[in-house]
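One letter stands for each residue in the lines below.
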Amino acid sequence: MTATLSPETTVGQMVRQRPARSRVFETFKIDYCCGGKLSLAEACDKAQVDPRQVIEQLRLADQRQDATQGAYTDADAMGLSELADHSEQTHHVYLRSELPRLDQMTHKVASVHGDAEPRLHQLRQTFEALRDELTSHMLKEERILFPMIRQIERSQALPAFHCGSLANPVAQMEHEHDVAGNALEQFRALTDDYAAPDWACNTYRAMLDGLATLEADLHQHIHKENNVLFPRAMEREQALAGKDGG
């Protein structure tokens, strides 16, 4: 059952039933955790924002979440450059927005609740390692591998790359994808499949929702690159090599 979007509903109840709404409250600097018992009207008055505007943004957030559930991009229908652009403009943009938010949340939740649930400290350490890995990983793709793939697509002859061939940077990116996948497995193990304990505050619940969303996005991100973009780019490179050799 979805929490009613009315000024009388408490912000805590709204986030508890749809944790993704926490992003809207954060945008308006509304405290949905310690201040979760306040009604939306009271919370908006305290934050000096119009509750009608907040309700509209909450409704849009709900609609976006509903629309994206089960919606997947047909990566195989894209060209190489188009798919590289998609990876940057969709998944990299998402990570650069979401990682700082989750960074703050995992730090806060581990600091406040780590004594009650010691695994939160390990979760925090795992997240920090993944954050650093992904930040470096995205730069390597954007500055090295993706420009090579775009060049491969538009070239009629085999380009000469400083690293030899696509196989070398692709192997490195796939290895880093494996590292990210292992971190996601640890997230699930450390949170009992993102299940919030009964005593969890709304920040705790929003953190779990954010980590689950991160996992879903990374699964799609890695799939598009490992299973579509990288193999097709290497096939194109091999075709150009055969053309030159012939």
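Criteria and cut-off values
- Residues numbered from 1 in each chain as written.
- Predicted model: local features only at pLDDT ≥ 70, side-chain atom pairs only at ≥ 80, totals over all residues.
- Heavy atoms only, no water.
- Phe/Tyr/Trp six-rings, centres within 6.5 Å; stacked < 30°, edge-to-face > 60°.
- Buried < 20%, exposed > 50% of the residue type's maximum accessible area, 1.4 Å probe, protein only.
- Axes fitted to C-alpha atoms, helices over the stretch in contact; angles between N-to-C directions.
- Helix = DSSP H or I, 4+ residues; strand = E, 2+ residues; numbered from the N terminus.
- Parallel < 35°, antiparallel > 145°, perpendicular 65-115°, else oblique.
- Left-handed = near helix turned anticlockwise from the far one by under 90°.
- Nonpolar A, V, L, I, M, F, W, Y, C, P; charged D, E, K, R; others polar.
- 1 Å grid on protein atoms, 1.4 Å probe; cavity = no way out; pocket = protein on both sides within 12 Å on 5 of 7 lines; lining within 4 Å.
- Points joined across faces, edges and corners; volume = space filled by probe spheres on them.
- Polar contact = N/O pair within 3.5 Å; in protein donor to acceptor, adjacent residues only side chain to side chain.
- Contact = heavy atoms within 4.5 Å.
- pLDDT = per-residue confidence, 0-100.

### Quick notes on the packing of aromatic side chains
Phase 1: Under the defined criterion, the tally for this structure stands at two aromatic pairs.
Phase 2: Look at Phe-25 and Tyr-32: their rings are 6.4 Å apart centre to centre, the planes differ by 35°, and that puts the pair in the tilted class.
Phase 3: Judged by centre distance (5.6 Å) and plane angle (75°), the ring pair of Trp-199 and Tyr-204 falls under edge-to-face.
Phase 4: Residue Trp-199 is classed as partly exposed on the basis of its relative accessible area of 42%.

### Focus: the packing of helix α6 (residues 119-154) against helix α7 (residues 167-190)
Phase 1: Axis separation between α6 and α7 bottoms out at 10 Å; the angle between their running directions is 160°. Here α7 runs roughly antiparallel to α6, going by the angle between their axes. Between α6 and α7 lies a crossing of left-handed hand.
Phase 2: When grouped by side-chain class, the residues that make up the contact of α6 with α7 number 15 nonpolar, six polar and five charged.

### Considering the layout of surface pockets
Phase 1: What the second largest pocket holds in volume is close to 240 Å³.
Phase 2: In this structure, the second largest pocket is lined by Glu-26, Lys-29, Ile-30, Asp-31, Tyr-32, Cys-33, Arg-101, Gln-104, Met-105, Lys-108 and Thr-203.
Phase 3: Broken down by element, the lining of the second largest pocket gets its largest block of residues, four residues, from helix α5 (residues 80-113).
Phase 4: Grouping the amino acids of the lining of the second largest pocket by side-chain chemistry returns four nonpolar, two polar and five charged.

### Looking at the side chain of Ser-81
Phase 1: Assignment of secondary structure puts Ser-81 in helix α5.
Phase 2: Assessed through its relative accessible area of 17%, Ser-81 is described here as buried.
Phase 3: Here the side chain of Ser-81 touches Glu-153 through a polar contact of 2.6 Å, side chain to side chain.
Phase 4: Ignoring anything within four residues of it in the chain, the contact list for Ser-81 reads Arg-150 and Glu-153.

### With respect to unusual backbone geometry
Phase 1: Positioned with a positive phi, Gln-48 is a non-glycine residue whose angle comes to about 60°.
Phase 2: Examined against the element boundaries, Gln-48 turns out to sit in the loop between α3 (40-47) and α4 (51-68).
Phase 3: Under the relative-accessibility criterion, Gln-48 is labelled exposed at 72%.
Phase 4: Even without glycine at this site, Asp-192 takes up a positive phi of about 50°.
Phase 5: With respect to the helices and strands, the residue Asp-192 is situated in the loop between α7 and α8 (202-245).
Phase 6: According to the relative accessible area criterion, Asp-192 is partly exposed, its value standing at 46%.

### Some details on the confidence of the model for the chain
Phase 1: On average, residues of the chain carry a pLDDT of 91, and 95% of them reach 70 or more.
Phase 2: Highest mean pLDDT in the chain belongs to α6 (97); lowest belongs to helix α1 (residues 11-17) (85).

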